[in-house]
Amino acid sequence: MVQFQARRWVQRMAQTLVAGGLLAAGLAQAQTGPIKLMVGFPPGGGTDAIARILADKLKDPLAVPVVVDNKAGAGGQIAAQALKAAAPDGNTLFLSHDHTISILPLVVKNPGYDSARDFVPVAGFATFVNGLAVSGGTPAKSMAEYVAWVQKQGAGKDTVGVPAPASVPEFLVKVIGQKYKLDLQSAPYRGSAPMMADMLGNQIHAGVGSVPDFIENQKAGKIRMVAVLGDKRQAALPDVPTFAELGLAGFEDVPYYGIFAPKGTPQATVDKLSAAVAKVVALPEVRDRLSAMGLTVGYMTQQQLGSREHAYAQTWARIIKDSGFKPQ
């Protein structure tokens, strides 16, 4: 009798394990596509361009279409909230840089999401730097010339565009103003594309944003970057000095780009997506295009991206606190 019961128990356990395996396999295969790759900014900006480069190539290793979905507004907050609400099946992803993932939760009281609780990192693929660019309507070709121009033309006052409110670029405007004893006021936009449009139209004299936001118009001679953050000059902008070279140190920790999925996405699905990102980032044509945009390309595993996200948030939590900024 005991032997019979033991045999029945083993059979039930085997059936449970098989069922569990089938369930896990089913979850891993739930990703049927097309995959929606959300971007928190409007078409035409740097993040949108980056997403379209990756989406075009990710369709091959994933064997399903990958469609860029622009959910612009509130510095990526709308897209982040949409990711939180999405089914954790691998069919909805979010391509974002540091602002929405690490910075917004520090400066907004109720962003509607918690990055650590509501999202799971999939893979990182690049880092980049922010910088200050002047519009074609100013004669400045260097930081010193821009400072002198503002002092003469605007009595020490100027308005500087930033891609989003309460962003790293907005904090940099404040720091730059303090460093050079200028009264610089931020003009927040809904993404880099409208900010760039106003810079090209000379509606604003300067802007702070990422190198990918500025690089094409910099190459065309329509704007001029005069300084960048980071611990070394950028390969795409070898003639542009770092702020550290100009005496503004302490901002060497560079932001990142990564892809995120809703919390609860099966690990097998995350692994599949991460492996696809690794393959795409390794393609010479992709690396060349992203590098030409001013990115430092490099694949980050799920764990590496998570660590990068956490470390960056800690760095800026201290900077934001020291600035006296209060979450809105």
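Look a little higher up for the structure.
The structure contained in this document is the topic of the report that follows.

### So, the packing of aromatic side chains
Counted under the stated rule, the structure contains 7 aromatic pairs. Geometrically, the ring pair formed by Tyr-113 and Phe-119 is stacked, given 5.5 Å between the ring centres and 25 degrees between the ring planes. Taken together, a centroid distance of 5.7 Å and an interplanar angle of 20 degrees make the contact between Phe-125 and Tyr-257 stacked. Of this pair, Phe-125 sits in strand β4 (residues 119-127) while Tyr-257 sits in strand β10 (residues 256-262), and the two are 132 residues apart along the sequence. For the residue pair Phe-125 and Tyr-257, the accessibility class agrees, reading buried in each case. In this structure an aromatic cluster arises from ring pairing among Phe-171, Tyr-256, Tyr-312, Trp-316 and Phe-325.

### Observations concerning the sheet that holds β10
Spatially, 6 strands are ordered β2-β1-β3-β10-β4-β11 in an open sheet, and the strand pairing comes out mixed. If you trace the sheet from one side to the other, it starts and ends with β2 (66-70) and β11 (296-300), each paired once. Mean inter-strand twist for the sheet, computed between neighbouring axes without regard to direction, equals 25 degrees. Sheet topology note: the β4/β11 ladder contains 3 bridges and is antiparallel. Along β11, the bridge assignment pairs Gly-124 with Met-300. The sheet contacts of helix α10 (residues 267-281) involve β1 (35-39), β3 (92-97), β4, β10 and β11, and relative to β4 the element is tilted by about 5 degrees.

### Things to note about the pattern of salt bridges
If you walk through the whole model with that rule in mind, you get 8 salt bridges. Taking the shortest distance from any N to any O, the salt bridge between Lys-57 and Glu-285 comes out at 2.8 Å. Residue Lys-57 is located in helix α2 (residues 46-62), and its partner Glu-285 is located in helix α11 (residues 284-292); the two are separated by 228 residues in the primary sequence. Taken together, the shared-partner salt bridges in this structure form one network comprising Lys-84, Arg-117 and Asp-118.

### Things to note about the pairing of strand β7 (residues 183-188)
Every other side chain in a regular strand lies on the same face of the sheet, so the side chains alternate between the two faces. Examined bridge by bridge, strand β6 (residues 157-162) and β7 share 6 bridges and lie parallel to one another. Bridge pairing links Lys-157 to Asp-183 in β7.

### A short note on the side chain of Gln-234
Examined against the element boundaries, Gln-234 turns out to sit in the loop between β9 (223-228) and β10. Overall, Gln-234 belongs to the buried group, its relative accessible area being 10%. At a separation of 3.5 Å, a polar atom in the side chain of Gln-234 contacts the main-chain carbonyl oxygen of Lys-232. In contact with Gln-234, not counting residues within four places along its chain, are Val-129, Val-228, Leu-229, Gly-294 and Thr-296.

### Description of the pairing of strand β8 (residues 206-210)
Across the 5 residues that make up β8, a large majority, 5, are buried. Looking at chain direction, strand β5 (residues 130-135) and β8 are connected through 5 bridges and run antiparallel. Paired with Gly-131 across the strands is Gly-209, a residue of β8. Relative to β8, β6 runs parallel, the two being bridged by 2 bridges. Counterpart to Gly-161 in the pairing with β8 is Gly-207.

### Considering helix α4 (residues 98-107)
The element α4 is largely enclosed, with a buried count of 8 among its 10 residues. When we look at burial in α4, the residues that qualify are Asp-98, His-99, Thr-100, Ile-101, Ser-102, Ile-103, Leu-104 and Val-107.

### Quick word on helix α12 (residues 302-323)
Spanning 22 residues, α12 covers 32 Å between terminal C-alpha atoms, matching the ideal 32 Å at 1.5 Å per step. Along α12, the residues classified as buried are Gln-302, Leu-305, Arg-308, Glu-309, Tyr-312, Ala-313, Thr-315, Trp-316 and Ile-320. In the segment just after α12, Gly-324 is the residue with positive phi, at about 85 degrees.

Calculation criteria
Residues numbered from 1 in each chain as written. Predicted model: local features only at pLDDT ≥ 70, side-chain atom pairs only at ≥ 80, totals over all residues. Heavy atoms only, no water. Phe/Tyr/Trp six-rings, centres within 6.5 Å; stacked < 30°, edge-to-face > 60°. Helix = DSSP H or I, 4+ residues; strand = E, 2+ residues; numbered from the N terminus. Buried < 20%, exposed > 50% of the residue type's maximum accessible area, 1.4 Å probe, protein only. Pairing = 2+ DSSP bridges. Axes fitted to C-alpha atoms, helices over the stretch in contact; angles between N-to-C directions. Contact = heavy atoms within 4.5 Å. Salt bridge = Lys/Arg side-chain N within 4 Å of Asp/Glu carboxyl O. Polar contact = N/O pair within 3.5 Å; in protein donor to acceptor, adjacent residues only side chain to side chain. Expected span 1.5 Å × (residues − 1).

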